[in-house]
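Observations on chain architecture
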Amino acid sequence: MHDCLVHALLGVLPGAESRWVDQERVAFLCPVPGYDRHFALCERFGIDMIPVPMTADGPDMDEVERLAAENPAVKGIWCVPKYSNPDGVVYSDETVARLARMETAAPDFRIFWDNAYAVHHLTDEPAELADLLGACAEAGNPDRAFVFGSTSKITAAGAGVAFFGSSPANVKWLLANNQKRSIGPDKINQLRHALFLRDADGVRAHMERQRALLQPKFEAVARILDAELGGTGLATWTSPKGGYFVTLQVPDGCAKDVVRRAAEAGIVLTPAGATHPYGDDPRDAVIRIAPSFPGLAEVEQAMHGLTVCVRLAGYEQRAGRAA
Ligand SMILES: Cc1ncc(COP(=O)(O)O)c(C=O)c1O
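Just so it is clear, the structure is predicted and the values come from calculations on it, not from any experiment.

**A closer look at the overall build of the chain**
Of regular secondary structure, the chain possesses 10 helices and 10 strands. Relative to the globule expectation of 20 Å for 323 residues, the C-alpha radius of gyration of the chain, 21 Å, shows essentially globular dimensions. Seen through its principal axes, the chain has C-alpha atoms that stretch 60 × 50 × 35 Å. Residue burial in the chain is summarised as follows: out of 323 residues, 48% are buried. Once local pairs closer than 6 in sequence are excluded, the contacts in the chain between residues at least 24 apart make up 71%.

As structure tokens, this is what we get:
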């Protein structure tokens, strides 16, 4: 994703009239809540971010279509289409179809389709995601989609193999650029992955084992949130069917306070605001919980601590308002 942005800025994309860096302004649509590393890339390269609200079917498509159609500076959209966006939404078939066929003022508009959680199911009903590349080709926009995958959350975080899928013109463009960047990718790591995972069945079997590790942690998160915050009116949370995150919504103006109190108690959370462009959650209400790394006992301990912090912050705010 980083390299595609850099190459689009410094080289001419298929269908583009000029390099992005030669444009006065480049902007990306950012469904919120979203993924902090996407936002960090935009900030690093001076790409403006335009937040778009998420719905249960994916980004608000009326808003996406309007913004993409009216402004040629809007060059792309970040999408985590399945699970962990961080809310756990799976884009509906209609959303995928609309993204593929919508009018864009920029001829070189790209959908950055970060399908990092394609096989990360937590239940017996794996969600199906429509084929964006096929839909784009069918709609007459074959070069619109950049599809990314990664084994980062399958084998070893930080030592995964990344995948890029797109139209022949886009693949040729990326390969030509990458040949300048490095003479050879890490073939030993690719071989390691090929020998370990072998094929699609091998990936499925491996992810079942991941699920056996993860499901109890997600159940613990849900159980403790329910026991400690259920009925308080202080919080709502997602119950994802896959992926590695749970989104916790606390009262407006409380998220930073909760994260700060948790840190004082030794509980490390993703910074409040990380799910929004520029780290700015205008309601200061969203907290992303990632229970994948710690052991079960630690997850339970951390969740008890976190729910105490939510109650403290929430009730103090209520008391302050009442006073
Ligand atoms: C949405 C999303 N994309 C990508 C990644 C990681 O990809 P990689 O480590 O291959 O850069 C993650 C993992 O944290 C993720 O959550």
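Resuming the write-up.
**So, the nonpolar core**
Ranked by internal contacts, the top residues of the largest apolar core, which has 40 residues, are Leu-248, Ile-287, Met-303, Leu-306 and Val-310. At the level of elements, α8 (200-229), β9 (246-249), α9 (255-264), β10 (286-289) and α10 (296-322) are the ones that each hand at least two residues to this core. The element contributing the most residues to this core is α8, with 8 residues. Counting contributing residues per domain, this core is built from domain 1 (2-193) and domain 2 (202-322), each supplying no fewer than three. Ignoring anything within four residues of it in the chain, the contact list for Leu-306 reads Leu-248, Val-258, Ile-267, Leu-269 and Ile-289. One finds Val-52, Met-61, Val-64 and Val-147 within the second-largest nonpolar core, a separate group that totals 28 residues.

**Examining helix α2 (residues 36-45)**
Within α2, the full set of buried residues consists of His-38, Phe-39, Leu-41 and Cys-42. Along the axis of α2, the buried residues cluster in a sector spanning 155°; they form a single face. Of the residues in α2, the exposed ones pointing more than 90 degrees away from the buried face are Arg-37 and Arg-44. In this fold, the buried residues of α2 make contact with α1 (2-10), β1 (27-32), β2 (48-55), β4 (74-79) and β5 (110-114). Of the residues flanking the end of α2, it is Gly-46, one or two places downstream, whose phi is positive at about 70°.

**Here we look at the packing of aromatic side chains**
According to the stated counting rule, one finds 13 aromatic pairs in the structure shown. Ring centres of Tyr-117 and Tyr-244 lie 5.5 Å apart, and the angle between their planes is 75°; on these two criteria the pair is classed as edge-to-face. One end of the pair, Tyr-117, is in the loop between β5 and α5 (132-138); the other, Tyr-244, is in the loop between β8 (236-237) and β9, and 127 residues separate them in sequence. Residue Tyr-117 is classed as buried on the basis of its relative accessible area of 6%. Seen from their ring centres, Phe-148 and Phe-164 are 5.7 Å apart, and the 55° between their planes marks the pair as tilted. One end of the pair, Phe-148, is in strand β6 (residues 145-150); the other, Phe-164, is in strand β7 (residues 162-165), with 16 residues separating them in the sequence. Exposure remark for Phe-148: the relative accessible area of 7% places this residue in the buried category. Of note, Arg-288 hangs over the ring of Phe-245, and the distance from its end group to the ring centre comes to 4.1 Å.

**Topic: the side chain of Gln-210**
With respect to the secondary-structure elements, Gln-210 resides in helix α8. You can call Gln-210 buried: its relative accessible area is 17%. Setting aside its immediate chain neighbours within four residues, Gln-210 contacts Lys-153, Ile-154 and Tyr-244.

**Considerations on the pairing of β10**
Side chains of β10 alternate between two faces, with Val-286 and Arg-288 and Ile-287 and Ile-289 buried alike. Where β9 and β10 come together, 4 bridges link them in antiparallel fashion. Paired with Thr-247 across the strands is Arg-288, a residue of β10.

**Some points on the pattern of salt bridges**
Opposite charge on two side chains lets them pair, provided their charged atoms get close. Enumeration according to the criterion identifies 20 salt bridges in this entry. Salt-bridge contacts for Glu-70 lead to Arg-66; the nearest nitrogen and oxygen are separated by 3.5 Å. Residue Glu-70 and its partner Arg-66 are located together in helix α3 (residues 61-70), separated by 4 residues, close to a single helical turn. Relative accessible area serves as the criterion here: at 40%, Arg-66 is assigned to the partly exposed category.

**What to know about the domain arrangement of the chain**
Structurally, the chain comprises domain 1 (2-193) and domain 2 (202-322). The centre of domain 1, based on its C-alpha atoms, is set 27 Å off from the matching centre of domain 2. Taken together, the contact between domain 1 and domain 2 spans 28 residues of the former and 24 residues of the latter. Interface of domain 1 and domain 2: buried area, both sides summed, is about 2,300 Å²; carbon and sulfur atoms make up 61% of it. For domain 1, the biggest contributors to the area lost against domain 2 are Pro-86, Leu-122 and Ile-154; these three give 28% of the whole. On inspection of domain 1 and its partner domain 2, the count reaches 2 salt bridges. The partner of Arg-288 in a salt bridge is Asp-36, and the shortest N-O contact between them spans 3.4 Å. In this structure, the connection of domain 1 to domain 2 is made through 16 residue pairs in polar contact (both at pLDDT 80 or more). Looking at the side of domain 1 that touches domain 2, the elements that each hand over two or more residues are β1, α2 and β2. Split into classes, the residues belonging to the side of domain 1 that touches domain 2 amount to 14 nonpolar, 7 polar and 7 charged.

**Brief notes about the sheet that holds β9**
Whenever strands of a sheet pair, they do so through backbone hydrogen bonds, lying parallel or antiparallel. Taken together, 3 strands build an open sheet; the order of strands is β8-β9-β10 and the sheet is antiparallel. At either margin of the open sheet sits one strand with a lone partner, and together these are β8 and β10.

The rules behind these values
- Residues numbered from 1 in each chain as written.
- Predicted model: local features only at pLDDT ≥ 70, side-chain atom pairs only at ≥ 80, totals over all residues.
- Heavy atoms only, no water.
- Helix = DSSP H or I, 4+ residues; strand = E, 2+ residues; numbered from the N terminus.
- Rg over C-alpha atoms; globule rule 2.2 N^0.38 Å.
- Buried < 20%, exposed > 50% of the residue type's maximum accessible area, 1.4 Å probe, protein only.
- Contact = heavy atoms within 4.5 Å.
- Core = buried A, V, L, I, M, F, W, Y, C linked by side-chain atoms within 4.5 Å.
- Domains from an automatic or database assignment.
- Arc of directions from axis to C-beta.
- Phe/Tyr/Trp six-rings, centres within 6.5 Å; stacked < 30°, edge-to-face > 60°.
- Lys NZ or Arg CZ within 6 Å of the ring centre and 35° of its normal.
- Pairing = 2+ DSSP bridges.
- Salt bridge = Lys/Arg side-chain N within 4 Å of Asp/Glu carboxyl O.
- Buried area = accessible area lost by both parts, 1.4 Å probe.
- Polar contact = N/O pair within 3.5 Å; in protein donor to acceptor, adjacent residues only side chain to side chain.
- Nonpolar A, V, L, I, M, F, W, Y, C, P; charged D, E, K, R; others polar.

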